[in-house]
Amino acid sequence: MIIKIAVIVAIAAIALYFVFRKKLLPVPETFPKLWKQYLQDTVKFYQNLGETDKRQYEDDVLYFLSHHKITGVGTDVTDEDKLLVASSGVIPIFGFPEWHYHNLEEVILYGQSFNHLHETEGTTNERNILGMVGWGYINGKMVLSKPSLRQGFENESTKSNVGIHEFVHLLDKADGATDGIPEALLSRQYTIPWIQMIKQKMEAIQDGKTDINSYGGVSETEFLPVVSEYFFNRPRLLKDKHPKLYEQLQQVFQQDPASTESNG
Ligand SMILES: [Zn+2]
C-alpha cells in the first residue's frame, strides 16, 4: 500500500513538473503586440529595420526562445529580459538566415555583475564580470549580468553591449577554435586581412590612441566581440572613425547597419 501511494505521488510530481515547466517558458505562436512595442522602444537595431525584416526578426526571436532556456539566478526573468537575451543572439546572425546557436543550451541571468575568472584568460585580477560563455564543465551555458544586459540596449549612446559580446564569442567558437577569427562566417580570402586588422587596431588600443574599448586590446579573442558591440550599437560612428574596420565587419556579419541607422 505504502509503495502504491509512493508511486502515485512520484507520478503526480513528475506530471506537475512537466505541466509547470511548460508554463515557465511560454513561447507564443504569434508575436505579441506588447513585445513589438518593447522592441520598438528599446532595441535600436529593430527600430531601424524595414517591415519585412521586422517580421523576420520576430520569427528569429520566437525560434530562439523556443530552443534556448533562460534562467534567473537571484533575479526573476521577465518578458523584457527574454526579448533582450534573444535580441543579443539574433542581431549578430541576422545576415545568416539559416544560422542557429547549436552550441548553446541555456542562458543564465544574474541579478548583478559577478566576480569570476573571465572566459579563457585564467587569473585576471578581481574585475567585475558582466558576462561569460561557458567552457569545460559549463559548456553550453552563457552567463549574463541582467543590469549590464539592459544597459547595452537602453543607453542609446553606448558602444558597449554585453549580450552581443557574448554571442559573438559563441559565433567565434562555432568553428572549434575560440581565437577571434570566425572561420565559420568569414570566407578564406578575408581571413588574412582580418588578422592584420586585429594586429594594427590592437596596437592602437595599447597605445591609447583609439576610442575602441580598451578591453578589445586584451587579446585577439576579445577584439572581435568588443568591436562587434561597437558595430551594432553605433554603426555610423564606427564607419566614420574606422572605415576599414567597418568594412571588414560588414564582411564578417553580412550586414550594413550604418546604412539604415536613424538619426539620433
Ligand atoms: Zn569576452
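Treat the numbers as computed from the prediction; the structure is a model and nothing was measured.

Analysis parameters
Residues numbered from 1 in each chain as written. Predicted model: local features only at pLDDT ≥ 70, side-chain atom pairs only at ≥ 80, totals over all residues. Pairing = 2+ DSSP bridges. Helix = DSSP H or I, 4+ residues; strand = E, 2+ residues; numbered from the N terminus. Axes fitted to C-alpha atoms, helices over the stretch in contact; angles between N-to-C directions. Contact = placed C-beta atoms within 7 Å. Core = buried A, V, L, I, M, F, W, Y, C linked by C-beta atoms within 7 Å. Buried ≥ 20, exposed ≤ 12 C-beta atoms within 10 Å, placed from the backbone. Parallel < 35°, antiparallel > 145°, perpendicular 65-115°, else oblique. Nonpolar A, V, L, I, M, F, W, Y, C, P; charged D, E, K, R; others polar.

Chemist: Requested: an account of the sheet that holds strand 1 (residues 69-73), with residues and values cited.
Modeler: Sheet architecture is open: four strands sit in the order 1-2-4-3, paired in mixed fashion. Among the strands making up the open sheet, the edge pair consists of strand 1 and strand 3 (131-133). Shown here is a sheet whose adjacent strand axes are inclined to one another by a mean of 15°, direction ignored. Bridge analysis of strand 1 against strand 2 (residues 106-110) gives five bridges, and the strand direction is parallel. Looking at the pairing, Val-73 lines up with Tyr-110 of strand 2. Most of the contacts of helix 6 (residues 146-154) go to strand 4 (residues 141-145), to which it runs at about 75°, and overall it touches strand 2, strand 3 and strand 4.

Chemist: How would you summarise the nonpolar core if you had to cite specific residues and measurements?
Modeler: By size, the foremost hydrophobic cluster in this structure holds 54 residues, and its most contacted members are Val-61, Ala-86, Val-90, Leu-144, Val-227 and Leu-249. Contacts of Val-90, omitting those with residues within four sequence positions, involve Tyr-57, Asp-60, Val-61 and Phe-64.

Chemist: So what about the packing of helix 4 (residues 51-67) against helix 5 (residues 79-90)? Which residues, and what values?
Modeler: The description of two helices packed together rests on the angle between their axes and the distance between the axes. As a packed pair, helix 4 and helix 5 sit with axes 9 Å apart at the nearest point and diverge in direction by 110°. By the angle class used here, helix 4 and helix 5 are roughly perpendicular. Facing Tyr-57, Asp-60, Val-61, Phe-64 and Leu-65 of helix 4, the residues of helix 5 in contact are Lys-82, Leu-83, Ala-86, Ser-87, Gly-89 and Val-90. Among the residues making up the contact of helix 4 with helix 5, the classes are represented as seven nonpolar, two polar and two charged.

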